[in-house]
Amino acid sequence: MIRRSDGGSLVQAVIVIAIVTILVIRAYLAATGYPQIGGKTLHIAHALWGGAAMIIAIIVLLSFAGRRARALAVLLGGIGFGLFLDEVGKFVTKTNDYFFAPAVSIMYVVLVVLLLVNRAIQDTRRSSPQGELSEALIRTAEAVVGGATAAERQDIRGLLNSAVAGGADPATVDEVSRVLEGAPEDPPSAADRLRARLLPGDLEAKFGRHTTQAAAWLLTAFSLAGLISASVTIAEDLDAGTGIAVSAIGRFGGSTLAFVLCVAALFLHGRNPHSLRPLRMLRAAALVTMLLTEVFDFVAEQFGALINVAIGLAALAVFSYRINFLTRRTRPAVSESDPAAAVDPSVTVSRTRTL
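Model, not experiment: these values are computed from the prediction.

Draft legend 1. Just the UniProt feature "transmembrane region" (unreviewed entry) in the protein, in detail. Those residues carrying the UniProt feature "transmembrane region" (unreviewed entry) are residues 12–31, 43–64, 71–92, 98–117, 214–232, 244–269, 281–299 and 305–323 in this numbering. Each end of residues 43–64 is marked by a C-alpha atom, and these two atoms are 34 Å apart; helix forms 82% of the span and strand 0%. Taken as a whole, residues 71–92 contains 91% helix and 0% strand, while its terminal C-alpha atoms sit 32 Å from one another.

Draft legend 2. A look at helix 1 (residues 7–32). With 26 residues, helix 1 should reach 38 Å at 1.5 Å per residue; the first-to-last C-alpha distance of 37 Å fits that figure. What helix 1 keeps buried is the set Gly7, Gly8, Ile15, Ala18, Thr21, Ile22, Ile25, Arg26 and Leu29. On its buried side, helix 1 packs onto helix 2 (46–63), helix 3 (67–86) and helix 5 (103–124).

Draft legend 3. Fine view of the environment of Ser255. Mapping Ser255 onto the fold places it in helix 11 (residues 246–271). Ignoring sequence-local partners within four residues, the contact set of Ser255 consists of Ser223, Gly226, Leu227 and Thr293.

Draft legend 4. Expanded view of the packing of helix 6 (residues 129–146) against helix 8 (residues 170–181). Running from N to C, helix 6 and helix 8 point in directions that differ by 20 degrees, and their axes come no closer than 9 Å. In terms of orientation, helix 6 and helix 8 fall into the roughly parallel class. Read as a crossing pair, helix 6 and helix 8 show a hand that is left-handed. Of the residues in helix 8, those touching helix 6 at Leu133, Ala136, Leu137, Thr140, Ala143 and Val144 are Thr172, Val173, Val176, Val179 and Leu180. Partitioned by chemical class, the residues of the contact of helix 6 with helix 8 number 9 nonpolar, 2 polar and no charged.

Draft legend 5. Layout of the packing of helix 1 against helix 3. Relative orientation of the contacting elements helix 1 and helix 3 amounts to 45 degrees, with a least axis distance of 7 Å. Our classification of the angle between helix 1 and helix 3 gives oblique. Viewed along their axes, helix 1 and helix 3 form a crossing whose handedness is right-handed. Between helix 1, through Leu10, Ala13, Val14, Ile17, Ala18, Thr21, Ile22, Ile25 and Arg26, and helix 3, the contact on the second element is made entirely by Arg70, Val74, Leu75, Gly77, Gly78, Ile79, Phe81, Gly82, Leu83, Leu85 and Asp86. For the contact of helix 1 with helix 3, the residue count by class is 13 nonpolar, 4 polar and 3 charged.

Draft legend 6. Inspection of the packing of aromatic side chains at higher detail. Per the stated rule, a full pass over the model turns up 3 aromatic pairs. Their ring planes at 70 degrees and their centres at 6.5 Å tell us that Tyr34 and Tyr98 sit as a pair that is edge-to-face. Residue Tyr34 is located in the loop between helix 1 and helix 2, and its partner Tyr98 is located in the loop between helix 4 (88–91) and helix 5; the two are separated by 64 residues in the primary sequence. Relative accessible area serves as the criterion here: at 36%, Tyr34 is assigned to the partly exposed category. Taking relative accessible area as the criterion, Tyr98 reaches 8% and is therefore assigned buried. Measuring from centroid to centroid gives 5.0 Å for Tyr34 and Phe99, while their planes differ by 80 degrees, and the two rings are edge-to-face. In this pair, Tyr34 is assigned in the loop between helix 1 and helix 2 and Phe99 in the loop between helix 4 and helix 5, connecting sequence segments 65 residues apart. By the ring-pair criterion, three or more aromatic residues cluster together here, those being Tyr34, Tyr98 and Phe99.

About the thresholds
- Residues numbered from 1 in each chain as written.
- Predicted model: local features only at pLDDT ≥ 70, side-chain atom pairs only at ≥ 80, totals over all residues.
- Heavy atoms only, no water.
- UniProt positions renumbered as here; feature names shortened; annotations may be inferred.
- Helix = DSSP H or I, 4+ residues; strand = E, 2+ residues; numbered from the N terminus.
- Expected span 1.5 Å × (residues − 1).
- Buried < 20%, exposed > 50% of the residue type's maximum accessible area, 1.4 Å probe, protein only.
- Contact = heavy atoms within 4.5 Å.
- Axes fitted to C-alpha atoms, helices over the stretch in contact; angles between N-to-C directions.
- Parallel < 35°, antiparallel > 145°, perpendicular 65-115°, else oblique.
- Left-handed = near helix turned anticlockwise from the far one by under 90°.
- Nonpolar A, V, L, I, M, F, W, Y, C, P; charged D, E, K, R; others polar.
- Phe/Tyr/Trp six-rings, centres within 6.5 Å; stacked < 30°, edge-to-face > 60°.

Here it is as structure tokens:
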């Protein structure tokens, strides 16, 4: 199976849309008094609407090609999955309890596992030259139909360069490149324009460095606060003689581990600011916060833990982006005779054919 280089972002979009859908549904139902569709004898649960949206998304993907079809499938799939997952409490209890307290934790675990699986697919599955050439060909065909921005053309050229360096047929790559050059030109996307305006030139590197430091200190303080809070809860449970709650133990363990990782990472980062090791430790601390600490927070507080999740998720995004940025900067050259070809995806195909 050919892995799409932008597949990780598409899956993340589905998950984010699902989360937003769950929050909107919960807010709407609470505001309207939990109305039901179906009359006196029937109850058409919104999980059914979610299933319908997901199958429509699959049909769109199987029936149509191009970015618009993919965007529609991502939207429908995310909404459908959110509608379906929101009613998980009904399907894990004999009483069909929509308000089953651990249901929120189940939703959270499912979404985090999907994010981890998506990350594993992107990080561990290596692309072959044939796979890169195939993806470049598919994306070029989409560009011919719907146009391509300068950033998208650069990504496709990067795939072609990498395919040639890996041993793909240069003549085939040259044909794909010529087709790409004839594709209509699209203006930069809103995200590209915003990034270029906010982070021109080398400002992206400086901004990323300062943002990473701020996120590291924020996560350290957050982990320490969680450690203190869990310790107080455990002490109160011991004084009351009611036994220590499992959620308090889980929060204590997760916060302790995250705090230790953060402190060690800050120490290493101070000694070598350009090393990837402290960044990976910080990312591990953010993952511990997301996977362990916040699971128990949801058990204790349900949707009240969303603010804590936002902090962990923001820190994880900052660390992951910084790691990817430094990895691109330190990417090894394809050839000693032309080291720029490995770090500059805008290098032309005719240039890489001399490697």
